[in-house]
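# Working through the structure, step by step
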Amino acid sequence: MQFIEIEITKEMIEEAKRKAEKLGKLKNSITRGEGNIVGYLGELVAQKVIGGEIKDTRDYDILTEDGVKWDVKTKKCSSPPQSHFECSVTNYNTTQKCDKYIFVRVLKDHSKGYICGELPHDEYYKKATFIEQGQFDPSNKWRALCDCWNVAISDLNEINTQDTMPSDNAEVSA
């Protein structure tokens, strides 16, 4: 599995902080608003790779030129991703009207983001396993903070970057 590593710039952090402050605490926020900066950084990292315009609707985050509606799912992490790590969509987001999910991990220090892969909306739920709030996942040593649907990174599609990824700020790592 190849991951796309993106260096996060000071400008990206400043933009994410501005947006997070403006947004405040969302209803059903697992982290009570503390994850907003990481979520916005995830959007900016994804945009660097897939392009498009950030829309921030309830149903999707990025609309690309080909009309694809992408929802970005971001997790804060302490290390680069591994293929057995899981990507999650919370149970209350299952009705989102997006075409694809793109999964991003952002280091806790906000220095780097990693594109883990993507899946079309319907395919995601065919592959996903339902995890109840409080359930422990031994593969990640992680306890679910809410009901969610999980797919291992190894089950995601890699992002085709030949035409979209700028060469000056990204690198692919295994």
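For every chain, the first residue of the written sequence is number 1, and numbering continues from 1 along that sequence. pLDDT decides what is reported in this predicted model: residues at 70 or higher carry local features, side-chain atom pairs at 80 or more are listed and counted, and totals for whole chains, interfaces and linings draw on all residues regardless. The side-chain values count all of the structure's non-hydrogen atoms but skip hydrogen atoms and water molecules.

## Description of the overall build of the protein chain
Here a strand is any run of E in DSSP of at least two residues, a helix any run of H or I of at least four, and the numbering for each starts at the N terminus. Tallying secondary structure elements over the protein chain gives three helices and twelve strands in all. Here the term buried applies to any residue with accessible area under 20% of the maximum for its type, exposed to any over 50%, and partly exposed to those in between, with areas from a 1.4 Å probe on protein chains only. Taken across its 174 residues, the protein chain has 45% of its residues classed as buried. Of the roughly 9,500 Å² of accessible surface on the protein chain, 46% is carried by carbon and sulfur atoms. Accessible areas in this description were obtained via Shrake-Rupley with a 1.4 Å probe; residue shielding takes into account the shown protein chains only.

## Examining the pattern of salt bridges
As a working rule, side chains carrying opposite charge can pair if their charged atoms are close by. Salt bridges, as used here, are contacts in which a Lys or Arg side-chain nitrogen is within 4 Å of a carboxyl oxygen on Asp or Glu. If you walk through the whole model with that rule in mind, you get eight salt bridges. Note that Glu-53 is salt-bridged to Lys-55, the shortest N-O span being 3.5 Å. Exposure remark for Glu-53: the relative accessible area of 45% places this residue in the partly exposed category. One salt-bridge network, in which partners are shared between bridges, spans Glu-5, Glu-7 and Lys-112.

## Some thoughts on the sheet that holds strand β11 (residues 148-152)
Between any two strands, at least two bridges found by DSSP are needed for them to pair. Read from one edge of the open sheet, three strands run β5-β11-β8, paired in antiparallel fashion. Among the strands making up the open sheet, the edge pair consists of β5 (86-90) and β8 (129-131). Geometrically, the sheet is characterised by an average inter-axis angle of 35° between neighbouring strands, direction not taken into account. Both β5 and β11 contribute to a ladder of five bridges, which runs antiparallel. From the neighbouring strand, Cys-87 faces β11, where its bridge partner is Val-151. Only the stretch in contact is used when a helix axis is fitted, and all axes are lines through C-alpha atoms; the angle between N-to-C directions ranges over 0 to 180 degrees.

## Some words on the pairing of β5
Most of β5 sits out of view: five of its five residues are buried. Burial along β5 is two-sided: the face carrying Glu-86, Ser-88 and Thr-90 and the face carrying Cys-87 and Val-89 are both buried.

## Quick word on the packing of aromatic side chains
By convention, a stacked pair of Phe, Tyr or Trp rings (six-membered ring in the case of Trp) has centres within 6.5 Å and planes under 30 degrees apart, an edge-to-face pair has planes over 60 apart, and any other such pair is tilted. Scanning all chains against the criterion turns up seven aromatic pairs. Note on Tyr-101 and Tyr-124: the rings are 5.4 Å apart at their centroids and 65° apart in plane angle, and the pair reads as edge-to-face. In this pair, Tyr-101 sits in strand β6 (residues 100-107) while Tyr-124 sits in helix α3 (residues 121-127), placing the two residues 23 residues apart along the sequence.

## Here's the deal with the confidence of the model for the protein chain
Of the residues in the protein chain, 84% reach a pLDDT of 70 or more, and the chain-wide mean stands at 86. Scored below 50 in pLDDT, residues 27-33 makes nine contacts in the model with residues more than four places away or belonging to other chains. Values of pLDDT, the confidence the predictor places in each residue, fall between 0 and 100. Contact criterion: two residues are considered in contact whenever any of their non-hydrogen atoms come within 4.5 Å of each other. Considering only residues more than four positions removed or in separate chains, one finds that residues 163-169, a stretch of pLDDT under 50, has 13 contacts.

## Let's talk about helix α2 (residues 36-50)
What a helix is expected to span follows from its residue count: subtract one and scale by 1.5 Å. For α2, spanning 15 residues, the distance from its first C-alpha to its last is 21 Å, which sits close to the expected 21 Å at 1.5 Å a residue. Burial analysis of α2 places eleven of its 15 residues in the buried class, which makes it a mostly covered element. Within the sequence span of α2, burial applies to Asn-36, Val-38, Tyr-40, Leu-41, Gly-42, Glu-43, Leu-44, Val-45, Ala-46, Val-49 and Ile-50. Looking one or two residues beyond α2, the residue adopting positive phi is Gly-51, at roughly 75°.

## A word on the pairing of strand β4 (residues 69-77)
Direction of pairing for strand β3 (residues 62-63) relative to β4: antiparallel, over a ladder of two bridges. By the bridge assignment for β4, Ile-62 is matched with Trp-70. Adjacent in sequence and paired antiparallel, β3 and β4 are bridged by five residues, among which Gly-67 carries a positive phi angle near 85°. Examined bridge by bridge, β4 and β6 share eight bridges and lie parallel to one another. Considered in β6, the bridge of Asp-71 is made with Tyr-101.

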